[in-house]
Amino acid sequence: MLNLLVEISKYILIINILLYTLYGFLIFGYKNKKKQNRGFLKQRAFIITIHFIGYFILFLQQKDFMLIFLYLGEVILFIVTIISYQFVYRNLSRLILNHMLMLLMISFVMLARLSVSLAFKQFCFAASALIISLVIPFFIEHFHQLENLGWLYCFLGIGLLVFVAVFGDEKYGAKNWISVGNFFSIQPSEFVKILYAFGAAALLSRAERFKDIIKISIFAAVPVLVLVLSKDLGSALIYFVMYICMLYIATGKFAYFGLSLGMGCIASCVAYRLFSHVRVRVLAWRDPFAYIDNQGYQIAQSLFAIGTGGWFGMGLSGGLPGSIPVRESDFIFSVIAEELGGFFAVCLIFIYISAFIMFINISLKMKKSFYKLTAFGLSVQFFAQIFLNIGGVIKFIPSTGVTLPLLSYGGSSVVSTIILFNIIQGMYVLDQIGVDAVEEKSKPKGRK
Amino acid sequence: MKKNLSQKGENKASVPQKKNSGNREIVVLTYLMTILLLSLAVYFGYYLTVRSSLVINSTYNKRSELLENKILRGSIYSSDGEVLARTVSDEMGTSKREYPFGSLFVHVLGRYTHGKTGLELSENFNMLRSNINPVVKIANELQGKKNPGDNIFTTLDTRLQKAAAEALGSYRGAVVAMEPDTGKILAMVSKPDYDPDGLDAETWDLLTADEQGEARLLNRATQGVYPPGSTFKILTALEYMREHKNYKKYQYDCTGNDVFGEVKIKCYGDSSHGLVDLKTSFLKSCNTSFANIGMTLDKGKFRELCDSFLFNTELLLPFSCSQSSFVLDKASKEEELPQTAIGQGKTGITPMHNAMITAAIANGGILMKPYFVDRRENAYGETISKTVPSEYATLMTKKEALQLTDYMKAVVESGTASSLKGTDYQAAGKTGSAEFDSSGKTHAWFVGFAPADNPEIAVSVILEEAGSGGTYAVPAAKKVLDEYFKNN
Ligand SMILES: [Zn+2]
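The rules behind the values
- Residues numbered from 1 in each chain as written.
- Chains lettered and ligands numbered in written order.
- Predicted model: local features only at pLDDT ≥ 70, side-chain atom pairs only at ≥ 80, totals over all residues.
- Heavy atoms only, no water.
- Helix = DSSP H or I, 4+ residues; strand = E, 2+ residues; numbered from the N terminus.
- Contact = heavy atoms within 4.5 Å.
- Areas by Shrake-Rupley, 256 points an atom, 1.4 Å probe, with all protein chains shown as cover.
- Lys, Arg positive; Asp, Glu negative; His and termini not counted.
- Charge placed at Lys NZ, Arg CZ, Asp CG, Glu CD.
- Phe/Tyr/Trp six-rings, centres within 6.5 Å; stacked < 30°, edge-to-face > 60°.
- Buried < 20%, exposed > 50% of the residue type's maximum accessible area, 1.4 Å probe, protein only.
- Polar contact = N/O pair within 3.5 Å; in protein donor to acceptor, adjacent residues only side chain to side chain.
- pLDDT = per-residue confidence, 0-100.
- Domains from an automatic or database assignment.
- Buried area = accessible area lost by both parts, 1.4 Å probe.
- Patch = residues over 30% accessible without salt bridge, like charges linked within 9 Å, V, L, I, M, F, W, Y side chains within 5 Å.
- Salt bridge = Lys/Arg side-chain N within 4 Å of Asp/Glu carboxyl O.
- Pairing = 2+ DSSP bridges.
- Axes fitted to C-alpha atoms, helices over the stretch in contact; angles between N-to-C directions.
- Parallel < 35°, antiparallel > 145°, perpendicular 65-115°, else oblique.
- Left-handed = near helix turned anticlockwise from the far one by under 90°.
- Nonpolar A, V, L, I, M, F, W, Y, C, P; charged D, E, K, R; others polar.
- Donors = N, O, S within 2.8 Å, 3.2 Å for Na, K, Ca; no water.
- Tetrahedral: all angles 85-135°; square planar, octahedral: opposite > 155°, others 65-115°.

### A word on the overall build of chain B
Then, number 1: Regarding its fold elements, chain B presents 18 helices and 19 strands.
Then, number 2: Counting contacts in chain B only where the partners sit at least 6 residues apart, residues at least 24 apart contribute 68% of the total.
Then, number 3: For chain B, the accessible area works out to roughly 20,800 Å², and carbon and sulfur atoms hold 50% of it.
Then, number 4: Averaged over its 56 positive side-chain charges, chain B has a centre that lies 9 Å from the centre of its 57 negative ones.

Here it is, written out as structure tokens:
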């Protein structure tokens, strides 16, 4: 009977997420407000259905009453978020909000399937981040110095990264963790990413002369180098891609983009020759099965999981995620693909694409160069993270050890991504009020 | 969404601006990034539909038990359509693996319980995949019924397998028969064996304890490493031909024994062969002459030849194989040469590897990749995939292959394999009597193929501790060849 329920649930979950994803794109085309509203409500209904079915199946399997509390806690968190955000973020993008909740919800369900205590921790991280984010619109609206603090972001970010590189702990081969007390550790590079976007946007939006560009680029390269040296290749790549894209937007000169991309390629070749940990990644990517006992183990196990699951998956709790290393974090996508199926996993990719396009739309609408660059930089960061993570676990590109936004377990990752979503959300709100209007209103010595 | 993006771009462009808005650039980069994200989805789909079936069929993938809850493991068939292994489930839903031929195929099929081996292991996931109509599949799943897994059609022939097993008689040893021009393995027998049907804990304990030292669990065909004895003279002769263009002029006077440096070599059965050339040395399997040849060889080049003949490397076969070893190299002492040249000393070879070398000679120097699975069919009998023969390596030139064939024909016509003489199929081959310790007992070897001029089958036979190759291994090989050509 239980098996039967798991089998049926598999297909219901796939249908739900398929429809959800479809609306994620249809809504772009809706001009009619009512139609849009209905679309967003339907999306929420799909979220609620998937959430309920997920926990229902998990409860039948595990018979753990903690799951019920967790489920109810999450439902309350979602409801409170939806209501409070509508007040704090006036006229927020409901598409982005829905995507954020959808991805968080899937993360909760999958982590509860792996370990209830992990799910509980993730729930606490997400809840705190959602609460902290309530002040973001206030910040963006009232702190007009944000764009004047370019060098502060720059030195603060570099300082933090250097501090971690010197005093940090090594986890999964990268030295990018700082322990606070005994059981709490954070990954500062996840937060510095946001600071980096702000810094680059603030500095680039003011850069007039070629000399300024050179100076900024040199300072922008420092964090990348520090990250490469602390073996955090994924973050280094994200920073690098984010910077060259922002540079292109700020200057409008494709030559800069091409040149820096070329320099990046040369630098990767040098890194390949210099560092064995870079070579190992490439080796494991080219033929994971030849090195299956060591370097290729993770990626091979990930491919087994995805391949065995097939298009329809093994059913929630029906897979063998225990065999995948770092399953709760870097390889969560493989766990989802194995149990919920290839169709489900592809839908996730499309949900990310939908969110990414919405982010870009917001940055296109921004009038002020600083906001535009920040929003765009954060969108690129979001893109790079998805591409590196999923590309790595499906062996499309060498694995670089980055987390998957909102799905991967990890306080630093989930908190920084929720903040990223909400900064963009805050800018969207700001844009609707009108940046100039806000500026006018808040000028203390304006004529009145 | 594309429309949406470009629209925004246009709107912006129409608004007068102080400086470059950057929106055009944003749109360009966004297209690029969206394409990259879409390519993730495309690659993912490609992996699932095309690549994954090859990838997941790995012994490192631990998911087969999960799949067996959903799929009724497929059957294994012989090339003549007999069921070699099948899973039956009773009314209670418990299923059991059956082997209608008992122990006959055990080493090549492998076992299902107590740690999978053989084809049961290498084809594990292929039998746990159901390529039936997806709608029927989903309907079955929803009814809680197991879907039928795909069936495996092997290249193994039951008649030939039986003949090979009978040919070994009560001796320990192995027989491998393969098609030289395709690489199909037609028969693979290793004795002694065991019955995989209903292998219980008690029997298993006896097998693993192995108090008689029989190593019944060992597949001697692929895992047994034996001294090649005189079968190795094929490679010594080839190396001599490569190093001496006028090899046909070679002469040596055999008196039945000779001393090379400090090493004493004598011919088998104390016979003296008189004045011999290379061909006569080969067909009489003259040890002293071959030791003499060995002394002239370049050790480094000899090593290169053997490495190119797949010694000291893992054979690319679907299940576990021991490596054949050839340790002689540039730095080796002269005194190792005579023993090495006649296939004694430190050289070791598996019967499978010897069959592959023989098949390459039969196929004009080109070794075809050995395979056991001809095709996979779904439960409706539709072919899902079929193995296309592929080249493994080119071991020698056509000319060299023809020259060796000529020598091997002479071995049958007027040499040590005379019991194969006079058959309709005209075989060619080489015998070997390999000493394995100081007792003077020998393993009986024969490698060969038939018909010599248009080879259809190559065999490799070893009978442990039987005696001379000519007396024991050749008749055994004849039984297999007779069976093969009986109906053809
Ligand atoms: Zn002789």
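So much for the structure itself; the text now carries on.
### Structural notes on the packing of aromatic side chains
When we look at a pair of aromatic rings, we describe it by the centre distance and by the angle of the planes.
All names here are of chain A.
Then, number 1: Under the counting rule described, the total for this entry stands at 51 aromatic pairs over all chains.
Then, number 2: Ring plane angle 65 degrees and centroid distance 6.1 Å describe the contact between Phe52 and Tyr71, whose orientation is recorded as edge-to-face. Within this pair, whereas Phe52 is found in helix α2 (residues 33–62), its partner Tyr71 is found in helix α3 (residues 66–88), the two being separated by 19 residues in sequence.
Then, number 3: Since its relative accessible area comes to 43%, Phe52 is described here as partly exposed.

### Remarks on the environment of His107 of chain B
Residue and element names in this part refer to chain B.
Then, number 1: Checked against the element boundaries, His107 lands in helix α4 (residues 106–109).
Then, number 2: The class of His107 is buried, set by a relative accessible area of 8%.
Then, number 3: Residues His107 and Lys191, 84 residues apart in the sequence, show an inter-C-alpha distance of 8.8 Å.
Then, number 4: Among all residues touching His107, those that are not within four sequence positions of it are Ser190, Pro192, Asp193, Tyr194, Arg216, Leu217, Leu218 and Asn219.
Then, number 5: Within the structure, His107 has its side chain in polar contact with the backbone oxygen of Pro192 (distance 3.3 Å).

### Some points on the confidence of the model for chain A
Then, number 1: Scored by pLDDT, chain A has a mean of 87; 94% of the residues are at 70 or more.
Then, number 2: Considering only residues more than four positions removed or in separate chains, one finds that residues 442–448 of chain A, a stretch of pLDDT under 50, has one contact.

### Section: the domain arrangement of chain A
Residue and element names in this part refer to chain A.
Then, number 1: Segmentation of chain A into domains returns domain 1 (1–141 + 278–448) and domain 2 (149–274).
Then, number 2: If you average the C-alpha positions of domain 1 and of domain 2, the two centres end up 24 Å apart.
Then, number 3: Taken residue by residue, the interface counts 29 residues in domain 1 and 30 residues in domain 2.
Then, number 4: Buried area between domain 1 and domain 2, both sides added, is near 2,600 Å², and the carbon and sulfur share of it is 76%.

### Quick look at a nonpolar patch on the surface
Then, number 1: On the surface, Phe65, Met66, Ile68, Phe69, Leu72 and Phe120 of chain A cluster together into a nonpolar patch covering about 600 Å² of accessible area.
Then, number 2: Residue Phe120 of chain A is classed as partly exposed on the basis of its relative accessible area, which comes to 39%.

### Some remarks on the sheet that holds strand β14 (residues 373–377) of chain B
All names here are of chain B.
Then, number 1: Reading across from one edge, β4-β3-β2-β6-β14-β15 is the order of the six strands in this open sheet, with mixed pairing throughout. Each having just a single partner strand, β4 (95–98) and β15 (383–386) make up the two edges of the open sheet.
Then, number 2: Two strands pair when backbone bridges link them, and strand β6 (residues 151–154) and β14 are joined in this way by four bridges, in the antiparallel orientation. Counterpart to Ile152 in the pairing with β14 is Arg376.

### Observations concerning the packing of helix α13 (residues 297–309) of chain A against helix α14 (residues 332–340) of chain A
Residue and element names in this part refer to chain A.
Then, number 1: Close contact between α13 and α14 brings their axes to 7 Å; oriented N to C, the two are set at 25 degrees. Here α14 runs roughly parallel to α13, going by the angle between their axes. Handedness of the α13/α14 crossing: left-handed. Where α13 abuts α14, its residues Ser302, Ala305, Ile306 and Gly309 lie against Ser334, Ala337 and Glu338.
Then, number 2: Taken together, the residues of the contact of α13 with α14 break down into three nonpolar, three polar and one charged.

### Section: a positive patch on the surface
Then, number 1: Where like charges cluster on the molecular surface, the positive patch consists of Lys34, Lys35, Arg38 and Lys42 of chain A.
Then, number 2: You can see Lys35 of chain A is positioned in helix α2.

### A word on the interface of chain A and chain B
One frequently used descriptor of interface size is the decrease in accessible area upon assembly of the parts.
Then, number 1: Contact residues are listed per partner, giving 62 residues for chain A and 46 residues for chain B.
Then, number 2: Surface buried jointly by chain A and chain B totals about 4,900 Å² across both partners, of which 74% is contributed by carbon and sulfur atoms.
Then, number 3: The interface formed by chain A and chain B holds three salt bridges in total.
Then, number 4: For the salt bridge of Lys10 of chain A with Glu141 of chain B, the shortest nitrogen-to-oxygen distance reads 3.2 Å.
Then, number 5: In this structure, the connection of chain A to chain B is made through 12 residue pairs in polar contact (both at pLDDT 80 or more).
Then, number 6: Put simply, the parts of the chain that give the side of chain A that touches chain B at least two residues each are α1 (2–29), α10 (233–251), α13, α14, α15 (342–365) and α16 (369–393) of chain A.
Then, number 7: It is α15 of chain A that contributes the most residues to the side of chain A that touches chain B, 13 residues altogether.
Then, number 8: Along the lines of polarity and charge, the residues of the side of chain A that touches chain B split into 39 nonpolar, 15 polar and eight charged.

### Quick word on the coordination of the zinc ion
Residue and element names in this part refer to chain B.
Then, number 1: Those donors, Cys254 (SG), Cys267 (SG), His273 (ND1) and Cys286 (SG), are the protein atoms that reach the zinc ion, and they lie 2.0 to 2.3 Å from it.
Then, number 2: Around the zinc ion, the four donor atoms are arranged such that angles at the metal cover 105 to 115 degrees; this shape is classified as tetrahedral.
Then, number 3: In primary sequence terms, the donor set of the zinc ion follows C-x12-C-x5-H-x12-C. Here Cys286 lies in the loop between α12 (278–283) and α13 (287–295) and Cys267 lies in the loop between β11 (263–266) and β12 (274–276), a separation of 19 residues in the sequence. Take Cys267 and Cys286: they sit in the same class, and that class is buried.

### Here's the deal with the pattern of salt bridges
All names here are of chain B.
Then, number 1: Taken as a whole and assessed by the stated rule, the structure comprises 30 salt bridges over all chains.
Then, number 2: As a salt-bridge pair, Arg86 and Glu98 come within 3.2 Å of each other at their nearest N and O atoms. Note that Arg86 is positioned in strand β3 (residues 83–89) and Glu98 in strand β4, a separation of 12 residues in sequence.
Then, number 3: With a shortest N-O distance of 3.1 Å, Arg159 and Glu483 are connected by a salt bridge.

### Quick word on the sheet that holds strand β17 (residues 428–435) of chain B
Hydrogen bonds between backbone groups are what pair the strands of a sheet, and the pairing can be parallel or antiparallel.
Residues and elements named next belong to chain B.
Then, number 1: Overall, antiparallel pairing links the five strands, which are arranged β8-β7-β19-β18-β17 in an open sheet. The sheet terminates laterally at β8 (185–191) and β17, the two strands that pair on one side only. Mean inter-strand twist for the sheet, computed between neighbouring axes without regard to direction, equals 5 degrees.
Then, number 2: Inspection of the sheet shows strand β7 (residues 173–178) paired to β8 by six bridges, in the antiparallel sense. Residue pairing across strands places Val176 opposite Met188, the latter belonging to β8.
Then, number 3: Each of β7, β8, β18 (442–450) and β19 (457–463) is contacted by helix α16 (residues 351–362), which is oriented at about 30 degrees to β18, the strand it contacts most.
Then, number 4: Helix α17 (residues 398–414) contacts β17 and β18 of the sheet and is inclined by roughly 75 degrees relative to β17.

### Brief notes about the domain arrangement of chain B
Then, number 1: Splitting chain B by domain gives domain 1 (17–56) and domain 2 (223–370 + 388–486).
Then, number 2: A C-alpha centroid distance of 58 Å is found between domain 1 of chain B and domain 2 of chain B.

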